[in-house]
There are 2 protein chains.
Amino acid sequence: MTSRERFYATYSIQGNKETAYARAEDICIEQTVEFPATLLTHDFIKEHVLGKIESFEQCDETSYRAVISFHADLCGNEFTQFLNVLFGNISIKPGIRVENVQLSDNLLKLFKGPRFGREGLRKLLGIQKRPMLFTAIKPLGLSAEELASLAHRFALGGIDIIKDDHGLADQRYAPFADRVRLCSEAVEKANEKTGHNCIYMANITASPDEMPKRARIAKENGAKALLISPGLAGLDTMRRIADDDALGLPIFSHPAFQGTYVLHPHSGISHAVLFGQLARLAGADATIFPNFGGRFSFTKEECIDLANGTKIPMGSIKTIFPAPGGGMSLERVPEMLEVYGNDVIFLVGAGLFTHGPDLIENCRYFRKLVDSFES
Amino acid sequence: MTSRERFYATYSIQGNKETAYARAEDICIEQTVEFPATLLTHDFIKEHVLGKIESFEQCDETSYRAVISFHADLCGNEFTQFLNVLFGNISIKPGIRVENVQLSDNLLKLFKGPRFGREGLRKLLGIQKRPMLFTAIKPLGLSAEELASLAHRFALGGIDIIKDDHGLADQRYAPFADRVRLCSEAVEKANEKTGHNCIYMANITASPDEMPKRARIAKENGAKALLISPGLAGLDTMRRIADDDALGLPIFSHPAFQGTYVLHPHSGISHAVLFGQLARLAGADATIFPNFGGRFSFTKEECIDLANGTKIPMGSIKTIFPAPGGGMSLERVPEMLEVYGNDVIFLVGAGLFTHGPDLIENCRYFRKLVDSFES
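This write-up is about the structure you can find in this document. (Residues numbered from 1 in each chain as written. Chains lettered and ligands numbered in written order. Predicted model: local features only at pLDDT ≥ 70, side-chain atom pairs only at ≥ 80, totals over all residues. Heavy atoms only, no water.)

## Considering the packing of aromatic side chains
As a reminder of what qualifies: Aromatic pairing here means that ring centres of Phe, Tyr or Trp (its six-membered ring) are within 6.5 Å. Orientation follows from the plane angle: under 30 degrees is stacked, over 60 is edge-to-face, and everything else is tilted. Only lysine NZ and arginine CZ atoms are considered, and such an atom sits over a ring when it is within 6 Å of the ring centre and within 35 degrees of the ring normal.
By the definition in use, this model includes 35 aromatic pairs over all chains. Relative to Phe366(A), the ring of Tyr365(A) lies with its centre 5.2 Å away and its plane at 80 degrees, an arrangement referred to as edge-to-face. A centroid spacing of 5.0 Å and a plane angle of 0 degrees characterise the contact between Phe56(B) and Tyr64(B), whose relative ring orientation is stacked. Here the aromatic cluster, defined as three or more aromatic residues joined through ring pairs, consists of Phe87(A), Phe257(A), Tyr261(A), Phe87(B), Phe257(B) and Tyr261(B). Above the face of the Phe176(B) ring, Arg214(B) is positioned so that its terminal group lies 5.5 Å from the ring centre. Cation over ring: Arg332(B) sits above Phe292(B), and NZ or CZ is 5.1 Å from the ring centre.

Rendered as structure tokens:
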């Protein structure tokens, strides 16, 4: 089901056969003309603008699955309007969930997607096969010097990617430019000692005017990657940064403020679409999310769905890394590898502090866990 | 409960007393330090950065209501980071809903809010007391000329505000600049005949780079107001347009892609906060939403809550108009006035086409309904 100029969205719809089908017909209208079908007089609009039910089948006792196609022209070459056709007004209607998206060829060419993706990120970091280790400098309230000292120790211990905690913005405790400069230097100094290729990732989530400025400051001060929370800044704001050829830095997407979309199984957007497919279309090279069994509520099945969204074929849109966070420990490694495979970035948080008394040694312990996969 | 430098968020939390209180304590951590409280060594961070439970009381048999305060410094003078502290990570945790926000004095000064608000919009339109009439040109797929012809007839019939349907972007059927110019001219010509002061509102929802350009094109071509869907473009992207003194146009907020936040009573964000308080903080002068009893699912109680969010005191942040859409008919006027008062903008859709055979006469019919309130 690929098409040059129509895109396909799969919705699960609550209801019996009759009501669910009526709701599928409603989606065709609500997402396009928003106008009583009986009042439509133009054949062109009925043929070209209205959505079309391509298939309709029962999911389970209380729900149906409809594939609805839309002409790509409805999006007018814009990502925001693509999002609107996919889930604008129907976000307000309970019992409808976006399960999958299959873009048309022309939309797949329009959206560049991740600049690096899985392959590019492995190349950048010089890591062939093994899972990567990822952590955050925190807590908010530390000075830039204290955060840099943490980053230094993480890097000495063999962490691959060290990010700002997503709540680190430009607060007076650790102003953005100072923090980025000191943390980049601290990681660089550690790399000189270890011979590793650890990178520091700056959180640039801010207003749409400020974000390109922070991205530039980050790059000029040695940051090798960027963190963005699209739920706070807008998916298209992230995409704009990703598409900036003068920057050319990898982007990790953080799920802050997006959680509500996936919380209820009968509404919102599936984990695969929100944190996988839409993150990719909006230019993320990796997608951060709470792992099953951690302090959030995602189930193993939801994480499998999410991971699937990071890699299902989408034309020239690259595959990206899942970056599950929380609950990382020796015992959980086999289960996580089973779900995510080796193409995974383990976001290790408190475990680095609590495993033993020495932070650097704790990092080394986690590094050993993944090093065996490289050879 | 106002403070110079702390802001207060009210959350409803599902659970028995013990679990709900533990979850309130978790919010204090998750939204700030994201770090085990037992590992915090700095007194400054414990005192200043951690959230504080200010009150905790039972709501009903299955939930509690916690007021949690946060120091405004956590926001670092940024709206995106304010949103993050309010509901970033906990958006991913089920059973927590933002019910109310009370900003600190310094944040209320930082965010300018709506430029016009209720009073300014009444002044701009020259309407003293009566409810206003609002409609949309549609369906998507019509040419710019056809849309302008509709706008002309709406204006002749006495509609006060005529907006682009929120799905009208820059599609080839009716390119943005052409549409704005023709519709503005059509409304202006009608005003010359009627003596009314009808305004045309252009939808500028697009990428963050494109939106300021469209806003300028809209203004230069005669549009007197702007429509933005912050769920698609980002709340802070709307705020940036609102704050642009060179533009100085009123902004109406459309709920596309935001619905999921309010759909489930035990998670997400209340109608009052999302469509009222946050819309105001992000610069909207009116907030569009589906009225109770229409083709969406909002209840009367939810609409009352929403309307309350448009007018509760927020320092110098102006009150804004609720703009309920759908289901407008003669019979419903008394009930809607009871809920919203006279400070309401009635968004009339299909009713304008279906009331009788003549579109202009139908508009006049609705106009008569509200005219009696002016004297």
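After that view of the structure, there is still more to cover.
## Quick look at the sheet that holds strand 2 (residues 52-60) of chain B
All names here are of chain B. Stated precisely, the cut-off is as follows: Two strands qualify as a pair provided that DSSP identifies no fewer than 2 bridges between them. Strands here mean DSSP runs of E at least two residues long; helices mean DSSP runs of H or I at least four residues long; both are numbered from the N terminus. Throughout, a residue-residue contact means that at least one pair of heavy atoms, one from each residue, lies within 4.5 Å. Each axis is a line fitted through C-alpha atoms, and for a helix only the stretch in contact is used; angles between axes span 0 to 180 degrees, taken between their N-to-C directions.
Strand order in the open sheet formed by five strands is 2-3-1-4-10, with mixed pairing between adjacent strands. The outermost strands of the open sheet, each flanked by one partner alone, are strand 2 and strand 10 (268-269). Helix-sheet contacts for helix 12 (residues 271-281) involve strand 4 (96-102) and strand 10, and the interaxial angle to strand 4 is about 40 degrees.

## Description of helix 6 (residues 144-156) of chain A
All names here are of chain A. Cut-off, in case you're wondering: To estimate the expected span of a helix, count its residues, drop one, and scale the result by 1.5 Å.
With 13 residues, helix 6 extends 18 Å from end C-alpha to end C-alpha; this agrees with the ideal 18 Å at 1.5 Å per step. Buried residues along helix 6 sit against strand 5 (132-137), strand 6 (161-164), helix 7 (176-194), helix 15 (351-354) and helix 16 (359-371). Gly 158 occupies a position one or two residues after helix 6 and carries a positive phi of about 100 degrees.

## Here we look at the relation of the copies chain B and chain A
The test is simple: C-alpha atoms of residues with pLDDT of at least 70 in both copies form the basis for the least-squares superposition of the copies.
When chain B is fitted onto chain A, the two copies agree to an RMSD of 0.0 Å after a turn of 180 degrees and an axial shift of 0.0 Å. Taken together, these values place the two copies in the relation of a two-fold axis. It is Gly234(B) whose C-alpha, among those of chain B, lies nearest the rotation axis, at 2.2 Å. Both copies present the same face, since 100% of the interface residues in chain B are matched by interface residues at the equivalent positions in chain A.

## Here we look at helix 12 (residues 271-281) of chain A
Residue and element names in this part refer to chain A. Applicable threshold: Burial classes follow relative accessibility: with a 1.4 Å probe on protein chains only, a residue under 20% of its type's maximum area counts as buried, one over 50% as exposed, and anything between as partly exposed.
Helix 12 sits mainly inside the fold: eleven of its eleven residues count as buried. For helix 12, every residue scored as buried is listed here: His 271, Ala 272, Val 273, Leu 274, Phe 275, Gly 276, Gln 277, Leu 278, Ala 279, Arg 280 and Leu 281. Backbone geometry just downstream of helix 12 places Gly 283 in the positive-phi region, at approximately 95 degrees.

## Here we look at the interface of chain B and chain A
For clarity, the cut-off: Buried area: the sum, over both parts, of the accessible surface (1.4 Å probe) that disappears when the two are put together. For salt bridges, the criterion is a side-chain nitrogen of Lys or Arg within 4 Å of an Asp or Glu carboxyl oxygen. Pairs of N or O atoms are called polar contacts if they sit within 3.5 Å, as long as, within protein, a hydrogen donor faces a hydrogen acceptor (for residues adjacent in sequence, only side-chain-to-side-chain pairs).
Listed as interface residues are 76 residues of chain B and, on the opposing side, 76 residues of chain A. Both faces combined, the contact of chain B with chain A buries some 6700 Å², and carbon together with sulfur accounts for 59% of it. Contact with chain A buries surface across chain B, with Ile92(B), Phe257(B) and Thr260(B) losing the most and accounting together for 12% of the total. Our enumeration of links across chain B and chain A arrives at eight salt bridges. For the salt bridge of Glu78(B) with Arg214(A), the shortest nitrogen-to-oxygen distance reads 2.5 Å. On the surface where chain B and chain A come into contact, there are 35 residue pairs in polar contact (both at pLDDT 80 or more). Mapped onto the side of chain B that touches chain A, the elements with two or more residues apiece are helix 2 (43-49), helix 3 (79-87), helix 8 (210-220), helix 9 (230-233), helix 10 (235-242), helix 11 (260-263), strand 10 and helix 15 (351-354) of chain B.

## Structural notes on the pairing of strand 12 (residues 321-325) of chain B
Residues and elements named next belong to chain B. Spelled out, the test is: Looking down the strands as they point away from you, a crossover is right-handed if its path from the first strand over the helix to the second goes clockwise.
When you tally the buried positions in strand 12, you get five out of five residues, the bulk of the element. In strand 12, alternate side chains face the same way, and those of Phe 321, Ala 323 and Gly 325 on one face and Pro 322 and Pro 324 on the other are all buried. With helix 13 (residues 300-309) bridging strand 11 (residues 286-290) and the parallel strand 12, this β-α-β connection has right-handed handedness.

## Looking at the side chain of Arg130(A)
Residues and elements named next belong to chain A. Position of Arg 130 relative to the elements: it lies in the loop between helix 5 (117-125) and strand 5. The buried category is assigned to Arg 130, whose relative accessible area is 3%. At a separation of 2.8 Å, a polar atom in the side chain of Arg 130 contacts the side chain of Asp 160. Apart from the residues within four sequence positions on either side, Arg 130 is in contact with Arg 122, Asp 160, Asn 342, Arg 367, Val 370, Asp 371, Phe 373 and Glu 374.

## Some details on the packing of helix 12 of chain A against helix 13 (residues 300-311) of chain A
Residue and element names in this part refer to chain A. We count it as follows: The scheme is simple: roughly parallel for angles under 35 degrees, roughly antiparallel for over 145, roughly perpendicular for 65 to 115, oblique for anything else. Each helix crossing is assigned a hand: it is left-handed if the near helix lies turned anticlockwise from the far helix by less than a right angle, otherwise right-handed if that turn is clockwise. Amino acids are sorted into nonpolar (Ala, Val, Leu, Ile, Met, Phe, Trp, Tyr, Cys and Pro), charged (Asp, Glu, Lys and Arg) and polar (every other residue, Gly among them).
Put simply, helix 12 and helix 13 touch, their axes get as near as 7 Å, and they point 20 degrees apart. The pairing of helix 12 with helix 13 is recorded here as roughly parallel in orientation. Between helix 12 and helix 13 lies a crossing of right-handed hand. Counting all contacts with helix 12, which are made through His 271, Ala 272, Phe 275, Gly 276, Gln 277 and Arg 280, the residues of helix 13 involved are Glu 302, Asp 305, Leu 306, Gly 309, Thr 310 and Lys 311. Residue composition of the contact of helix 12 with helix 13, by class: three nonpolar, five polar and four charged.

## Brief notes about unusual backbone geometry
Each neighbour pair has its own omega, and for Lys138(A) with Pro139(A) the value is 0 degrees, a cis peptide bond. Structurally, Pro139(A) can be placed in the loop between strand 5 and helix 6. The backbone of Asn77(B) shows a phi angle near 60 degrees, a positive value even though the residue is not glycine. Residue placement: Asn77(B) occurs in the loop between strand 3 (63-71) and helix 3.

## Topic: the pattern of salt bridges
All names here are of chain A. For the structure shown, the criterion picks out 50 salt bridges over all chains. A salt bridge links Arg 214 to Glu 210; the nearest nitrogen and oxygen atoms lie 3.1 Å apart. Remark: Glu 210 and Arg 214 occur in helix 8 (residues 210-220); sequence separation between them is four residues, near one turn of the helix. Across the salt bridge formed by Arg 364 and Glu 361, the nearest N and O atoms sit 2.7 Å from each other. In this pair, Arg 364 and Glu 361 both sit in helix 16, three residues apart, roughly one turn of the helix.

## A few points about the sheet that holds strand 10 (residues 268-269) of chain A
All names here are of chain A. Overall, mixed pairing links the five strands, which are arranged 2-3-1-4-10 in an open sheet. In the strand order of this sheet, the two ends are held by strand 2 (52-60) and strand 10, each with one partner. Two strands pair when backbone bridges link them, and strand 1 (residues 6-14) and strand 3 (residues 63-71) are joined in this way by nine bridges, in the antiparallel orientation. From the neighbouring strand, Phe 7 faces strand 3, where its bridge partner is Phe 70. Against the sheet, helix 1 (residues 17-30) contacts strand 1, strand 2, strand 3 and strand 4 (96-102), and its axis sits at roughly 145 degrees relative to strand 2.

## Notes on the packing of helix 6 (residues 144-156) of chain B against helix 16 (residues 359-371) of chain B
Residues and elements named next belong to chain B. Close contact between helix 6 and helix 16 brings their axes to 7 Å; oriented N to C, the two are set at 40 degrees. Accordingly, the angle class assigned to the pair helix 6 and helix 16 is oblique. Crossing of helix 6 against helix 16: the hand is right-handed. For the pair helix 6 and helix 16, the contacting residues are Leu 150, Arg 153, Phe 154 and Leu 156 in the first and Leu 359, Ile 360, Cys 363 and Arg 364 in the second. Of the residues that constitute the contact of helix 6 with helix 16, the class distribution is six nonpolar, no polar and two charged.

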